[in-house]
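Survey of secondary and tertiary structure
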Amino acid sequence: MMWFKPWRKNKVDLKSQVAIERLPHHIAIIMDGNGRWAQKRALPRSMGHRAGVEALRKVVKACSRLGIEVLTVYAFSTENWRRPKDEVGVLMTLLTEYLRKELNELHQNNVIIRTMGRISDLPREAQHELEHAIESTQNNTGLILNLALNYGGRSEIIEAVKKLSKDALSGKLKVEEIDEESFNNALYTSGLPDPDLLIRTSGEMRLSNFLLWQLAYTEIVVVNELWPDFGQDALLEAIKEYQKRDRRFGGIHTN
Ligand code: FPP
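Let me sum up the structure you'll find in this document. (Residues numbered from 1 in each chain as written. Predicted model: local features only at pLDDT ≥ 70, side-chain atom pairs only at ≥ 80, totals over all residues. Heavy atoms only, no water.)

1. So, a negative patch on the surface
Formally: For patches, a residue must show more than 30% relative accessible area and have no salt bridge; joins then use 9 Å for like charges and 5 Å for nonpolar side chains, namely Val, Leu, Ile, Met, Phe, Trp and Tyr. For accessible areas, the Shrake-Rupley method is used with a probe of radius 1.4 Å. Any residue's cover is judged against the shown protein chains and nothing else. Counted as salt bridges are all cases of a side-chain nitrogen of Lys or Arg within 4 Å of a carboxyl oxygen of Asp or Glu. Here Asp and Glu are counted as negative and Lys and Arg as positive; His is not counted, and neither are the chain ends. A charged residue contributes its charge at one atom only: NZ of Lys, CZ of Arg, CG of Asp or CD of Glu. Strands here mean DSSP runs of E at least two residues long; helices mean DSSP runs of H or I at least four residues long; both are numbered from the N terminus.
A cluster of like negative charges, contributed by E176, E177, D179, E180 and E181, occupies part of the molecular surface. Locating E177 in the fold gives a position in the loop between α6 (153–169) and α7 (180–185).

What follows is the structure, given as structure tokens:
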């Protein structure tokens, strides 16, 4: 006899809760509010970041099950180095720990790990775990989990300009050939579609130097939950909100 297992309900129902044919291909998230989450509980900020990793775990799993193609998360910005040394250390340790503990499950869920940002400035240990995670998941075919680490949108654009200028000076590229496609290819996100949906938690209405080029036509959903409180249900709500939007990309509807 088959028993109804209420704890399996979410697993079965996930895809039926959103319009599956209009899912965003690429979701980007500014995971904000870890500090405030901890402060509200009189806990150290590090506990907020730890809870933030848990939320990330849940969201990666949900995106994977929904069949989302790319999830880009803002894990550490170029500006985050300005935080106290201890907090930067905690974030780096959490990244290393996350990759060590989760790699197996990520791999089993067919997730591909990718990064964007100046990875060479991260602590050696974090770089090592990232290289290992990227290499071991490179042949997977499911969700691309793109971790923005030591990432800044303006410096990404400057890097791209330098790269294209070098190619132009060396004769590899004609100036007339510089267009949106060649520019896209010079960015960290080369080969990825632009995000369809940007989610920012904790109610702040800012881009904070995130994906400045790529977000040109992205739908933005700002939610009040602090990042550690964000999970599968909040993700589904954000996707439903996205699905109500009328995307015209600067044009008009003709039908
Ligand atoms: C913003 O909260 C969050 C961050 C600066 C880092 C996000 C990091 C994680 C979710 C965990 C580590 C990531 C990985 C990939 C393991 P905040 O500290 O700015 O919050 P506040 O605005 O309330 O102070």
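2. What about the site of the ligand?
Counted only if it meets this: It suffices for a single heavy atom of a residue to lie within 4 Å of a molecule or strand for the residue to be listed as near it. Any pair of nitrogen or oxygen atoms within 3.5 Å is treated as a polar contact; in protein, a donor-acceptor pairing is required on top of that, and neighbouring residues in sequence qualify only through side-chain atoms on both sides. With a 1 Å grid laid over protein atoms only, a set of points is called a cavity when a 1.4 Å probe fits there but cannot get out and a pocket when it is open yet has protein on both sides within 12 Å along at least five of seven lines; lining residues have an atom within 4 Å of a point. Assignment to a cavity or pocket requires that more than half of a molecule's atoms be within 2 Å of the site's grid points. All residues other than Ala, Val, Leu, Ile, Met, Phe, Trp, Tyr, Cys, Pro, Asp, Glu, Lys and Arg, Gly among them, are scored as polar; the first ten of these are nonpolar and the last four charged.
Lining the immediate environment of the ligand, one finds 18 residues, of which M31, G35, R36, R45 and R83 sit closest. Between the ligand and the protein, one listed contact pairs an oxygen atom with a side-chain N or O atom of D32 at 3.2 Å. R36 is positioned with one of its side-chain polar atoms (N or O) 2.7 Å from an oxygen atom of the ligand. When atoms are counted within 2 Å of each cavity's grid points, the one that captures over half of the ligand is the largest pocket. Counting only elements with at least two residues in the shell around the ligand, the list comes to α2 (34–40), α3 (45–66) and α4 (85–108). Ranked by the residues each element gives to the shell around the ligand, the list is headed by α3, at five residues. When the residues that make up the shell around the ligand are grouped by side-chain class, the tally is eight nonpolar, six polar and four charged.

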